[in-house]
Amino acid sequence: MFNTNSGSSNKKKMEKINLGIKQTVLERAKHRCQACSKKFRNQDTPFFYHINGSLKDNRPANLKALCKECFERTGENKIKDNMIGKIRSLIRRVV
Ligand SMILES: [Zn+2]
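A brief report on the enclosed structure follows. (Residues numbered from 1 in each chain as written. Predicted model: local features only at pLDDT ≥ 70, side-chain atom pairs only at ≥ 80, totals over all residues.)

## Re the overall build of the protein chain
Of the regular secondary structure elements, the protein chain holds 3 helices and 2 strands. In the protein chain, the order of α-helices and β-strands from amino to carboxyl end is α-β-β-α-α. For the protein chain, with 95 residues in total, the buried portion stands at 13%. Taking as baseline every contact in the protein chain between residues at least 6 positions apart, the subset at least 24 positions apart corresponds to 57%. (Helix = DSSP H or I, 4+ residues; strand = E, 2+ residues; numbered from the N terminus. Buried ≥ 20, exposed ≤ 12 C-beta atoms within 10 Å, placed from the backbone. Contact = placed C-beta atoms within 7 Å.)

Listed below in C-alpha cells is the structure:
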C-alpha cells in the first residue's frame, strides 16, 4: 500500500487533471483501459486522453482512461501525466 497522502496545494501554471476527476473517469471506465479493456492494476499508471484535443479541458466528459500502450498510440504522450514524478521533483525543490 502506498501512502498517497497528497497535501499538495501547489499552484502550478500547467493545467493538470485533479485526483477527483481522475477517480471519476477511472470509475466510469470501471478501472479498465477504454481502448483495449485491460484492467488497471496498482502498479499501472492510467493515462488520460483528451477526447476533444484540448489539454485544458479536463472535464471528465472530455477524458478517457487509457493504458500506457493505448495512450502512446494517441500521440498525446508528450504530456506525461506522471504524478509521482511531479511530486518527487517538487520534494527535491523544497528540500
Ligand atoms: Zn489499452
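## What to know about the nonpolar core
Where a protein is soluble and globular, its nonpolar side chains tend to be buried together. Core analysis: the largest hydrophobic core is formed by 10 residues, namely V25, C33, F47, F48, Y49, L63, A65, L66, C67 and F71. For this core, the secondary structure elements donating two or more residues are β1 (47-50) and β2 (63-66). (Core = buried A, V, L, I, M, F, W, Y, C linked by C-beta atoms within 7 Å.)

## Side note on unusual backbone geometry
Trans peptide bonds make up the majority, and among non-glycine residues the majority have a negative phi. Located in the positive-phi region is H31, a residue other than glycine, with phi close to 55°. Considering the arrangement of structural elements, one finds H31 in the loop between α1 (19-28) and β1. We classify H31 as partly exposed; it has 14 C-beta atoms within 10 Å. One non-glycine residue, S37, lies in the positive phi region at around 65°. In this structure, S37 sits in the loop between α1 and β1.

## Side note on the pairing of β2
Of the two faces of β2, the one carrying L63 and A65 and the one carrying K64 and L66 are both buried. Two strands pair when backbone bridges link them, and β1 and β2 are joined in this way by 4 bridges, in the antiparallel orientation. Its bridge partner being in β2, F48 is matched across the sheet by A65. (Pairing = 2+ DSSP bridges.)

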